Each structure stands twice: as structure tokens, then as C-alpha cells.
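Read off the chains here:
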Amino acid sequence: MAKLRGLDVSTIWWEGNTGPERYDFASLFGNDHPVELDLGCGKGLFLYNQARLRPGVNFIGIDWSRSFSRMGAERILRHGINNVRIVADDSWTLFPRFNPGSMSAIHVYFPDPWWKTRHRKRRMIRPEFIGVCERLIPIGGLLSVATDVGDYFKVMEQVLGQATILRRLPDIDPDVDLRSDYLTHFERKYRLEGRSIWRARFERI
Ligand SMILES: C[S@@+](CC[C@H](N)C(=O)[O-])C[C@H]1O[C@@H](n2cnc3c(N)ncnc32)[C@H](O)[C@@H]1O
């Protein structure tokens, strides 16, 4: 049983190898609301904020850090939020277990930049990621990315910009954005440090 500081989180958090072979979101969430995916959700601040703001949407977070993702799950449970599930695993292992067109949006916020050249192939946004978007996001769905690493953002723009299945949407007005909550823990940290943040949104076409 997945207990965290006395709290049983097993209804909303599990490790990938103990989860379903194939994800059926209608039975997992008990409704047929759209599902959004947060890749590398960390401690789950985005999931926590968005799930409360948008109760008509289901959210699934993935992070291969057991400890961070469980922390996120604990907070979700403590607040009685029932439209979030979190899986501790490598995202790339889980992608094939999701049904085609099952994610109305994919969010990739502050993905690890993998600085060393020999590690670059581990980056989340890389050419193979286009295939993931093509398979999981239905036409009209959304891909949203943000990073504080300018070089990685250039790569994101190049990789995603070349994808014929994606159309870049106009940037969000930074003033509007600044009035709202921070998207994620890393965004809060980096904004407080005064770092620049790059974002882009794409529609699946
Ligand atoms: C810099 S943190 C950002 C966390 C969160 N998105 C935020 O903005 O606060 C990157 C996260 O991605 C997770 N991660 C990196 N590669 C991953 C992968 N292939 N599958 C799942 N999680 C991954 C790491 O464990 C880490 O928690």
C-alpha cells in the first residue's frame, strides 16, 4: 500500500509497473471528461492549481521521481481533489499505454535540460516527441511548453516548429500571465530569481 506520512495515496498515485497495462480514463476517473497530461509534473503544483480551477477536466501527471510525485499526490488527496492521478515512471514507458487521441492537452513545463551533450537524447522535446503528440493529442488539442533555458527553447522551437501536425499559437500576453498563479514550482522559483521564461503553445492540426 502506497502510504505517505500515514496517508494512503494508492487511489491516486502508483508506480508505472503496478498501474494498468492500458489506461482507460473513463473507468479511472469515473467520468468521460477530457484528460490533460503534465509530463515531469514534479511536486504537482500545476496539477493542484489546475484541477481546482477546472473541475470538468481530468489531469494525469507523470514524474519518474517517486518522492516528488508522491508529495504531489499527498497534497491532492489532503485537499479532496478527485480529478488528478499521478504515475511515478519514465514518461516514455507510459506513452504506449495511453489510447490514441486520449489527451486533450499535453503540458511540458521546465523539462530537465540535460546539459551534457551525451545526455541530450534524453530530453523530453526531441524529434520522437512529435510522434507522441501526433498519437495522443486529438486534432484541436493543445501542446504547451515552458522553460528557463534559452538554448533548449530554441531547440523546442526548431523541433516543434518543423512538425506539420502542430501549429504555433500566438504567445500568451506576459502581463496577463503575471496576474495569474505561477504555473509550476519551477516557474515560481525562477520568477523569484528574476530569470527569463520562454513559452510556446501549439495546436494539434
Ligand atoms: C525541472 S523539473 C520540473 C518539474 C515541474 N514541471 C515544474 O515545473 O515545477 C523536471 C521534472 O521532470 C522529471 N522528469 C525528467 N525526465 C522525465 C521522464 N522521462 N519521465 C518522467 N519524469 C521526468 C524530473 O524528475 C523532474 O521532476
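Here's what I pulled together on the structure shown here. (Residues numbered from 1 in each chain as written. Predicted model: local features only at pLDDT ≥ 70, side-chain atom pairs only at ≥ 80, totals over all residues. Heavy atoms only, no water.)

Here's the deal with the pairing of strand β7 (residues 105-109)
Quick note on the threshold: Buried, partly exposed and exposed residues are distinguished by accessible area as a fraction of the type maximum, computed with a 1.4 Å probe on protein chains only: under 20%, between the cut-offs, and over 50%, respectively. Strands here mean DSSP runs of E at least two residues long; helices mean DSSP runs of H or I at least four residues long; both are numbered from the N terminus. When DSSP finds two or more bridges between a pair of strands, those strands are recorded as paired.
Taken across its five residues, β7 has five buried, putting it largely inside the fold. Where burial is concerned, the two faces of β7 agree: the one with A105, H107 and Y109 and the one with I106 and V108 are both buried. Pairing between strand β4 (residues 35-39) and β7: four bridges, direction parallel. Paired with E36 across the strands is A105, a residue of β7. By the bridge criterion, five bridges tie β7 to strand β8 (residues 142-147) in an arrangement that is parallel. Bridged to Y109 within β8 is A146.

What about the packing of aromatic side chains?
Where we set the bar: When the centres of two rings from Phe, Tyr and Trp lie within 6.5 Å, Trp using its six-membered ring, the rings pair. Their planes under 30 degrees apart give stacked, over 60 give edge-to-face, and anything left gives tilted. Criterion for a charge above a ring: Lys NZ or Arg CZ within 6 Å of the ring centre, and within 35 degrees of the ring normal.
Under the criterion given, the structure shown has 12 aromatic pairs. Residues Y23 and F25 carry aromatic rings whose centres are separated by 6.2 Å and whose planes lie at 45° to one another, so their mutual orientation is tilted. Residue Y23 is classed as buried on the basis of its relative accessible area, which comes to 1%. Take F25: its relative accessible area is 9%, and that puts it in the buried class. Site record: aromatic cluster; members linked through ring pairs are Y23, F25, F29 and F98. Positioned above the aromatic ring of Y48 is the side chain of R75, whose terminal nitrogen or guanidinium carbon lies 4.6 Å from the ring centre. Sitting above the plane of the W114 ring, R122 keeps its charged end 4.9 Å from the centroid.

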